[in-house]
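Per-entry structural report
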Amino acid sequence: MEARIRALLRRVQGEAVNQTRLGRLALDRAACVVRVDGRRLDLPQREFRVLEILLAGTGKVLAKEEIADQLFNFDEATGLNAVEVYVGRLRRRLAEAEAGIEIRTLRGLGYLIEADAETS
């Protein structure tokens, strides 16, 4: 049901396609696959979801609260520090894969995802 709701929200926001690209990175929602220059990047489910949320908000600053609301179910008791942990892990994996993607932290505001200047 959660996946169905996300799909409906994507349609309302104009994101009915299942693939999103940013720089050399491609995320396929239907197959739950991330690729960098055609190479598969294996991500745990939560990190995949964080990346999906950030990519859906490309060009916008997303507050930790916004990410947490989309990342966790109602019955999960997790703090905002968990978002920081997942973003940190995702940054490391993207750097190791040389994805050319930067997740910037804007103090007091949230996170912004963007492609490096040489990859956009």
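Below is a short write-up of the structure.

Calculation notes
- Residues numbered from 1 in each chain as written.
- Predicted model: local features only at pLDDT ≥ 70, side-chain atom pairs only at ≥ 80, totals over all residues.
- Heavy atoms only, no water.
- Helix = DSSP H or I, 4+ residues; strand = E, 2+ residues; numbered from the N terminus.
- Buried < 20%, exposed > 50% of the residue type's maximum accessible area, 1.4 Å probe, protein only.
- Contact = heavy atoms within 4.5 Å.
- Areas by Shrake-Rupley, 256 points an atom, 1.4 Å probe, with all protein chains shown as cover.
- Pairing = 2+ DSSP bridges.
- Axes fitted to C-alpha atoms, helices over the stretch in contact; angles between N-to-C directions.
- Core = buried A, V, L, I, M, F, W, Y, C linked by side-chain atoms within 4.5 Å.
- Parallel < 35°, antiparallel > 145°, perpendicular 65-115°, else oblique.
- Nonpolar A, V, L, I, M, F, W, Y, C, P; charged D, E, K, R; others polar.

1. Remarks on the overall build of the protein chain
Secondary structure assignment for the protein chain yields four helices and six strands. Its helices and strands in sequence order give the protein chain the pattern α-β-β-β-β-α-α-α-β-β, from N to C terminus. In the protein chain, which comprises 120 residues, the proportion classed as buried is 40%. Within the protein chain, counting contacts between residues at least 6 apart in sequence, those at least 24 apart form 45% of the total. Roughly 7,400 Å² of accessible area belongs to the protein chain as shown, and the carbon and sulfur atoms make up 49% of that amount.

2. Some words on the sheet that holds strand E3 (residues 33-36)
The strand order across the open sheet built from four strands is E1-E2-E3-E4, with neighbouring strands paired in antiparallel fashion. Each end of this open sheet is capped by a strand with a single partner; those strands are strand E1 (19-22) and strand E4 (39-41). Averaged over all adjacent pairs, the angle separating strand axes in this sheet is 25°, with direction ignored. Note that E3 and E4 share three bridges and pair antiparallel. Residue pairing for E4: Arg35 is matched across the bridge by Arg40. On the sheet, helix H2 (residues 45-56) packs against E1, strand E2 (25-28) and E3 and is oriented at approximately 105° with respect to E2.

3. Observations regarding the nonpolar core
Membership of the largest hydrophobic core comes to 30 residues, with the highest contact counts inside it found for Leu25, Leu51 and Leu54. Within the residue set of this core, elements represented by two or more residues are E2, E3, H2, helix H3 (64-71), helix H4 (80-96), strand E5 (101-106) and strand E6 (110-115). By residue number, the principal contributor to this core is H2, which donates six residues.

4. Some details on the packing of H3 against H4
For the pair H3 and H4, the least separation of the axes is 9 Å and the interaxial angle reads 90°. Taken together, H3 and H4 sit at an angle that is classed as roughly perpendicular. Of the residues in H4, those in contact with Lys64, Glu65, Ile67, Ala68 and Leu71 of H3 are Leu80, Val83, Glu84 and Tyr86. For the contact of H3 with H4, the per-class residue count stands at six nonpolar, no polar and three charged.

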